[in-house]
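# Descriptive structure summary
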Amino acid sequence: MFGKNFQRKYALTDQGVRNTKKGTLWTVVVNLVVMCGIGILYLLMGDFMNTLTDGTPLPGAVLPVVLAALFVLLSFLTHLQQYKATDGLVYDQVRDTRLSLAERLRKLPLGYFGKRDLADLTETIMGDVNRMEHVWSHVLGYLYGAYISTAVIAVCLLLYDWRLAIACLWGVPVAFALLFGSRKIAARSSEVTKAAALRVSDGIQEALENVREIRAANQEERYLAGLNEKIDQHEKVTIRGELTNGLFVNAASVIMRLGVATTILAGADQVLSGQIDFMLLFLFLLVITRVYAPFDQSLALIAEMFLSQVSADRISEIYEMPIAEGAEVFNPQGHDILFDHVSFSYDQKEVLHDVSFTAREGEVTALVGPSGSGKSTCARLTARLWDVTGGSIRVGGVDISAVDPEVLLTDYSMVFQDVVLFDDTVMENIRLGKRGATDEEVLAAARAANCEEFVRRLPQGYRTPIGENGARLSGGERQRISIARALLKDAPIVLLDEATASLDVENETKVQEALSRLLTGKTVLVIAHRMRTVAGADHIVVLENGRIAQQGSPAELMEQGGLYRRMVELQSKSAQWTLA
C-alpha cells in the first residue's frame, strides 16, 4: 500500500511515508475505539429494554459510569495520538520537503532554470507544498485509516448478519466508485486552475519587476486591465472546478446515505417476520452513524486528493530531475583550463561546436565575438553550471564532469555583469565569498576592491543594510562588492563575464584597478564586448556562431585581420562618432 509508487504519487519523503503509516494506524485505532463506545451504548440500551419488556431490574450505575469514564479516557488518548501522528508530524514533513526541494534545486544543472520561470518555481515551493500539507495531514492518514477500519467493521457485521450488513454498506462502494469515476474530470479541472493561478502569479511578478518601464511608457491602465482579466479568469475556473467537484462529492454522499433507508426497510421486514429482534436492528442503526461519519469526511478528502495530484506531480518532477554528480575530491595538477573539442546543445539547438583552446595558469585568456557566439556558454561550461554534450573540459588534467560541482567551484571565483546582492549589510554581502571569514579579512578584501570610498558615505559604514539586490547602491558600487567577494575567496581560477560592460568611465577605472589585484597569478577567463577591455590579454579566442574563428595574442590577431580586427576597427569608429 505504501510503496514507491505511493511515495511518488503524493510527493512524500521517506519520513513522510513513515508518518502516513503512523497516521493511518492511529486513525484505525480511533475509529475502532469509537465503535466500542457504540457497543457500550448498545449494552446499556439492552438492559433498559429488558427492564421495559420483562421487568428485569436495571444494574447499578457503577458499571456504566466506569465504562463511560474508561471510554472517554481511551478516546482522548487515542485522538491525541492520532493528532500527533497526522498534524504534528506533518509540520516537520513540510519543513523537510521545502528544504529537500531547495537542496535539489541547488544541485540541478543551470539549463533546468532556463525552462522554468521564477514564479513557477516559487509556486511549487510555496503554493504546491501548502496544498500538499493539507493532503499529508488531513487526507492520507484519515482516508486510509477509514478504509481499514471500515473493512474490519464490515467483516464483523457480515458475520453478525450478512443481510443487514449488505443493506447497511452497499452505498459505500457505489459512492466511492462515482468519485473515482470523476477522477479525470477533477484532474483536468485542477490543471486548468493551476495554469490560471500561474498566469496571475506571472502577471503580478512581471508588474513588480517592470513597474518603472510600465509607468515610463504610460501603460499602467492597459497593464492593470490585463492583470485584472487574468485574476477574473482564475476566479471563474476556480469556481467552476469547485462546483464540479462539489456536485460529485454531494452526489456520492447522498448515495451513501441511502444505506440508512435500506437498513431500516430490510431490518423492519426481518423484525416483523421474526427473523431478528429489535435490538439487532437498533445495533445496526447505531453502527451506521459511525460507519458513515469517517466516510462523510473521506468523500471530500478524496476530491481534494484528486485536485492535489497536479501539485504532487510538480513537486515530484523536481525530485526526478537528474542532478550533476561527481567525486568529492578535486586535486588538479595546476589550473590550466583545456577545452578539448567541446560541443554543447541547448533545447536540441547546437550552441558550441568543436571548440578547443587552453587558458593557462598565470595568464588572461579572453573570449570575444558577436552576441550569441557562445562566450558566456563557455564560461558556464568551465564552471560546470552546464555539462558539455561532446568533448571534455579539463582543469589541471582532471575532467570536470567527474567532479562534484560544489567541490569544483571551491577553486573558482566569478564576477558577472549582473551582480546579485542580498538584503543584508555590506559586510555580510562581502563575507559571502568565504564562509567564516573574520571582519579583518572582509575589510582587507573591501579595501583591495576600492569599496572604502563609497562605504564611508553610508550611514553605518560596513554595517549598513543595502536593500534588496543592493537597491541603495550604484552599479559600480555593487560591482566592487562582487569583486571584494572574489578577492576574499582568493580562488586560483577567475571567470569574468562582462564585469565592466555597464559602467561609466570613472567606475570602470576603479573596477579595473580592483580587478588587477584579483587577477595576479590566477587562471583568468574574461568575456567582453569592448575590445579595449581585452587589449592586455595574453591570449584571445574569437568565437563566431559557436565555433572558433581565430585565436592568438592581440598583436597576432590584428596582423591576421579577420573578425577580431574588424571588431576592433568598428568599435574604434563608434568611439570617434560618439566623440564627434
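Residues numbered from 1 in each chain as written. Predicted model: local features only at pLDDT ≥ 70, side-chain atom pairs only at ≥ 80, totals over all residues. Heavy atoms only, no water.

### Considerations on the overall build of the chain
- Helices and strands together make up the secondary structure of the chain, namely 20 helices and ten strands.
- With 580 residues in all, the chain has 44% of them scored as buried. (Helix = DSSP H or I, 4+ residues; strand = E, 2+ residues; numbered from the N terminus. Buried < 20%, exposed > 50% of the residue type's maximum accessible area, 1.4 Å probe, protein only.)

### Looking at the pairing of strand E2 (residues 349-359)
- Where strand E1 (residues 337-346) lies against E2, seven bridges are found, and the strand directions are antiparallel. Its bridge partner being in E2, Ser345 is matched across the sheet by Glu350.
- What sits between the antiparallel neighbours E1 and E2 is a turn of two residues, in which Asp347 has the positive phi angle 55°. (Pairing = 2+ DSSP bridges.)

### Considerations on the layout of surface pockets
- Considering only enclosed or pocket space, the largest pocket measures out at about 2,100 Å³ in volume.
- Taken together, 41 residues form the lining of the largest pocket, with Leu385, Leu409, Met414, Phe416 and Leu432 sitting closest to its centre.
- Among the secondary structure elements, those contributing two or more residues to the lining of the largest pocket are helix H3 (62-107), helix H4 (110-115), helix H5 (118-160), helix H13 (405-408), strand E6 (412-416) and helix H17 (475-489).
- Tallied by class, residues from the lining of the largest pocket come to 19 nonpolar, six polar and 16 charged. (1 Å grid on protein atoms, 1.4 Å probe; cavity = no way out; pocket = protein on both sides within 12 Å on 5 of 7 lines; lining within 4 Å. Points joined across faces, edges and corners; volume = space filled by probe spheres on them. Nonpolar A, V, L, I, M, F, W, Y, C, P; charged D, E, K, R; others polar.)

### Considerations on empty space enclosed by the protein
- By the definition in use, this model includes four cavities of 30 Å³ or more.
- In this structure, the second largest cavity spans a volume of roughly 50 Å³.
- Around the second largest cavity, the lining residues are Leu381, Arg384, Trp386, Asp387, Val388, Ile393, Asp399, Ile400 and Ser401.
- Of the residues belonging to the lining of the second largest cavity, the class tally is five nonpolar, one polar and three charged.

### A word on the nonpolar core
- If you look at the biggest cluster of nonpolar residues, it comprises 54 residues, and the most contacted ones within it are Tyr10, Trp136, Leu140 and Val287.
- Residue assignment for this core shows that the elements contributing at least two residues are helix H2 (14-54), H3, H5, helix H6 (162-169), helix H7 (171-181), helix H10 (220-272) and helix H11 (278-320).
- The greatest single-element share of this core, amounting to 17 residues, is contributed by H11.
- Ala437, Leu496, Leu518 and Val524 belong to the second-largest nonpolar core, a separate cluster that totals 44 residues. (Core = buried A, V, L, I, M, F, W, Y, C linked by side-chain atoms within 4.5 Å.)

### Concerning the sheet that holds E2
- Read from one edge to the other, the open sheet built from four strands follows the order E2-E1-E4-E5, with strand pairing classed as antiparallel. The strands lining the two open edges of the sheet, one partner per strand, are E2 and strand E5 (398-399).
- In the sheet, E1 pairs with strand E4 (residues 390-395) via five bridges, with the strands oriented antiparallel. Bridge pairing in E4 links Ile337 to Val395.
- Contacts from helix H12 (residues 375-382) reach E1, E2 and E4 within the one sheet, and its direction differs from that of E1 by about 115°. (Contact = heavy atoms within 4.5 Å. Axes fitted to C-alpha atoms, helices over the stretch in contact; angles between N-to-C directions.)

### Structural notes on the pattern of salt bridges
- Using the criterion set out here, one finds 14 salt bridges in the structure.
- The residue Arg360 makes a salt bridge to Asp336 at a minimum N-O spacing of 3.8 Å. Residue Arg360 is located in the loop between E2 and strand E3 (364-368), and its partner Asp336 is located in the loop between H11 and E1; the two are separated by 24 residues in the primary sequence.
- For Arg360, a relative accessible area of 43% corresponds to the partly exposed category.
- If you follow the salt bridges from partner to partner, you end up with Glu428, Arg431, Asp439 and Arg463 in one network. (Salt bridge = Lys/Arg side-chain N within 4 Å of Asp/Glu carboxyl O.)

### Quick look at the packing of helix H8 (residues 183-209) against H10
- Interaxial distance between H8 and H10 falls to 9 Å at its minimum, and their mutual angle equals 160°. Between H8 and H10, the interaxial angle falls into the category roughly antiparallel. The handedness of the crossing between H8 and H10 comes out as left-handed.
- Tallied by class, the residues present in the contact of H8 with H10 amount to 13 nonpolar, nine polar and three charged. (Parallel < 35°, antiparallel > 145°, perpendicular 65-115°, else oblique. Left-handed = near helix turned anticlockwise from the far one by under 90°.)

### Some points on helix H15 (residues 439-448)
- Here H15 has its buried residues at Val442, Ala445, Ala446 and Ala448. Down the axis of H15, the sector holding all buried residues measures 165°, keeping them to one side.
- One or two positions beyond H15, positive phi appears at Asn450, with a value near 60°. (Arc of directions from axis to C-beta.)

### Some points on the sheet that holds strand E9 (residues 539-544)
- The six strands lie next to each other as E6-E7-E8-E3-E9-E10, forming an open sheet whose pairing is mixed. Each edge of the open sheet carries a strand with a single partner, namely E6 and strand E10 (547-552). The sheet shows a mean angle of 15° between the axes of neighbouring strands, taken without regard to direction.
- Summarising the sheet, strand E7 (residues 493-497) and strand E8 (residues 523-527) pair through five bridges and their orientation is parallel. Paired with Leu495 across the two strands is Leu525, which belongs to E8.
- Where H12 meets the sheet, it contacts E3, E6, E7, E8 and E9, and its direction lies at approximately 150° from that of E8.

### Description of unusual backbone geometry
- The phi dihedral of His341 is positive, around 50°, even though this residue is not glycine.
- Position of His341 relative to the elements: it lies in strand E1.
- One non-glycine residue with positive phi stands out, namely Arg384, at about 55°.
- Take Arg384: it is sitting in the loop between H12 and E4.
- Residue classification places Arg384 among the buried positions, given a relative accessible area of 7%.

### A word on H6
- Turning to H6, its buried residues are Leu164, Ala165, Ala167, Cys168 and Leu169.
- Of the residues that open H6, the one with a side-chain oxygen 3.2 Å from the backbone nitrogen of Arg163 is Asp161. (Polar contact = N/O pair within 3.5 Å; in protein donor to acceptor, adjacent residues only side chain to side chain.)

### A word on the pairing of E3
- Extensive coverage of E3 is indicated by the burial of four of its five residues.
- Examined bridge by bridge, E3 and E8 share four bridges and lie parallel to one another. When the bridges of E8 are listed, Ala366 appears paired with Val526.
- Two elements, E3 and E9, share four bridges in a ladder whose sense is parallel. Residue pairing for E9: Ala366 is matched across the bridge by Ile540.

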